[in-house]
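Chain by chain, the residues:
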Number of protein chains: 2
Amino acid sequence: MDTMDHERLKRQLEFVVEIDRLKSVIRQTLLIDRSRQENSAEHSWHLAVMVILLSEYAKEKDLDVLRTIKMVLVHDLIEIDAGDTYCYDEKANLDKAEREQQAAERIFNLLPDDQAQELRALWEEFEARKTLEARFGAALDRLQPLLHNLNTEGLMWQKHGVRSTQVFSRNRLMEEGAPLLWDHVLTLLEKAMEDGLLSR
Amino acid sequence: MDTMDHERLKRQLEFVVEIDRLKSVIRQTLLIDRSRQENSAEHSWHLAVMVILLSEYAKEKDLDVLRTIKMVLVHDLIEIDAGDTYCYDEKANLDKAEREQQAAERIFNLLPDDQAQELRALWEEFEARKTLEARFGAALDRLQPLLHNLNTEGLMWQKHGVRSTQVFSRNRLMEEGAPLLWDHVLTLLEKAMEDGLLSR
């Protein structure tokens, strides 16, 4: 490799080292064995495997699976600086956008320019939720913690006093990207209310 | 959805819940902040992001990035039953293949048949290391813990009494899939020996 290539690889590997910190960003989701709360790196892995398994439920037939997987793999990187903002924490959500833009500016620009642009574009596409891929990724990003809550007797909902109206209102955007999955989730949520996991 | 589709989705979601257990499989790699050991789910996430960033270093130009990412995302799922086998533990490696085949049989078959076959084929391709994609994925699977060791003063090498000859012999297969990355690693390992992180 010539000198310039070497500098490029050095920046790429520094980025690989930097993003290790996502493994220490803790989410308000319990692991299903309830042993601890989930971190954002393993959450991103879970979503990427879900894209592989559930792409047939995307709203349209021509889902770009690779772009969707890339998006979910990088969608939380800004949390390295901005932290995970609990979706039902209204106060923390007030300055979320600003904190996340600043984080994106620093973190993605650790990479060589072409890759900084590619990853930032993926993150912005995910956030904007305009494309099929972003909407499907967002649907899985809602489905995964729902499955965790439903399989841990709703402990985190109860801890944070989350009510069914909040859960419905936050998660109904699943319908934009994965209507069949949303239909299924509705039956699961109905049952959770019957069973007392989620207060009406 | 008709009844059959509903059964399919149910199996897919049960699999999504089952693989949460990969987050509790602990590896012999320290996080770079040294706060704890890494688990196999977040390790798989790290590799998938590395495929996105480093695919230009694959030995040949026509790397199938999607198949490589899928492979690294699922390559450790069998550890849910078989556990993580430390690469420098010779005794544990004696029955590794058998334990992992049994695990593959149970875990992948939780899925609907077509997807069980797809994921098992990806895992077997990764293990066989015959294709460019498998070789490149394997190279990253070596590079990532090396970066962790190099950035944590080689603490895990020292804990397990790992010597440079073992590190070279285990990792030189990087050359098959990513020769430029292997060249770079050689200079890093030389420096690690000079600095006393790794015993000669």
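In case you missed it, the structure is sitting above this.
The residue numbers shown here count from 1 along each chain, following its written sequence. Just so you know, chain letters begin at A and ligand numbers begin at 1, following the order they were written in. Under the rules for a predicted model, residues below a pLDDT of 70 receive no local features and side-chain atom pairs below 80 are neither given nor counted, while totals for whole chains, interfaces and linings still include all residues. Derived side-chain values reflect all non-hydrogen atoms in the structure, with water molecules and hydrogen atoms excluded from consideration.

Asker: I'd love a proper account of the relation of the copies chain B and chain A, names of residues and values included.
Answerer: Superposing chain B onto chain A takes a rotation of 180 degrees combined with a translation of 0.0 Å along the rotation axis, leaving an RMSD of 0.0 Å. Both copies are brought into coincidence by an operation consistent with a two-fold rotation axis. A high fraction, 100%, of the interface residues of chain B reappear at the interface in chain A, so the copies pair face to face through one surface. In this comparison the copies share one frame, found by least squares on the C-alpha atoms of residues holding pLDDT of at least 70 in both. It only takes one pair of heavy atoms within 4.5 Å for two residues to be counted as in contact.

Asker: So what's going on with the pattern of salt bridges? Which residues, and what values?
Answerer: Any Lys or Arg side-chain nitrogen located within 4 Å of an Asp or Glu carboxyl oxygen qualifies as a salt bridge. A full pass over the atoms with the stated rule returns 48 salt bridges over all chains. Measuring nitrogen to oxygen at the nearest pair gives 2.7 Å for the salt bridge that ties A:Arg36 to A:Glu42. For A:Glu42, a relative accessible area of 0% puts it in the buried group. Of the charged contacts, one joins B:Arg129 and B:Glu176 as a salt bridge, the two residues approaching to 3.8 Å between their closest N and O atoms. Of this pair, B:Arg129 sits in the loop between helix H6 (113–128) and helix H7 (132–150) while B:Glu176 sits in helix H10 (residues 174–177), and the two are 47 residues apart along the sequence. Residue classification places B:Arg129 among the partly exposed residues on the basis of a relative accessible area of 27%. Here the salt bridges share partners, and the residues they tie into one network are A:Asp20, A:Lys23, B:Arg27, B:Glu38 and B:Asp84. Exposure is judged per residue with a 1.4 Å probe applied to protein chains only, and the accessible area is read against the type maximum: over 50% gives exposed, under 20% gives buried, and values in between give partly exposed. A helix here means a DSSP run of H or I that spans at least four residues, while a strand means a run of E at least two residues long, and both kinds are numbered starting from the N terminus.

Asker: Before we move on, can you summarise the side chain of A:Glu38 with the specific residues and values?
Answerer: Among the structural elements, A:Glu38 can be located in strand E2 (residues 37–39). Think of a polar contact as two N or O atoms within 3.5 Å of one another; within protein, one of them needs to be a possible hydrogen donor and the other a possible acceptor, and neighboring residues in sequence only count if both atoms come from side chains. Within the local environment of A:Glu38, its side chain forms a polar contact with the side chain of A:Gln144, the two groups lying 2.7 Å apart. For A:Glu38, the contacting residues outside a window of four places in its chain are A:Val25, A:Ile26, A:Arg27, A:Thr29, A:Leu31, A:His43, A:His46, A:Gln144, A:His148 and B:Lys23.

Asker: Hey, could you go over the interface of chain B and chain A for me, with residue numbers and the actual values?
Answerer: On the chain A side, the residues contacting the 53 residues of chain B number 53 residues. A buried area of about 4,500 Å², summed over both sides, lies between chain B and chain A, and 73% of it is on carbon and sulfur atoms. Computed with a 1.4 Å rolling probe, the buried area is the accessible surface lost when two parts are put together, summed over both parts. Of all residues in chain B, the largest losses of buried area upon contact with chain A belong to B:Lys23, B:Trp45 and B:Leu53, amounting jointly to 17% of the total for that side. Counting the contacts that link chain B with chain A gives 4 salt bridges. Salt-bridge contacts for B:Glu38 lead to A:Lys23; the nearest nitrogen and oxygen are separated by 2.7 Å. In this structure, the connection of chain B to chain A is made through 30 residue pairs in polar contact (both at pLDDT 80 or more). Those elements that provide at least two residues to the side of chain B that touches chain A are helix H1 (3–18), strand E2 (37–39), helix H2 (40–54), helix H3 (65–74), H6, H7 and helix H11 (179–194) of chain B. Element by element, the count of residues in the side of chain B that touches chain A is highest for H2(B), at 11 residues. Charged residues are taken to be Asp, Glu, Lys and Arg, nonpolar residues to be Ala, Val, Leu, Ile, Met, Phe, Trp, Tyr, Cys and Pro, and polar residues to be all remaining types, Gly included. A per-class count over the side of chain B that touches chain A returns 30 nonpolar, 12 polar and 11 charged.

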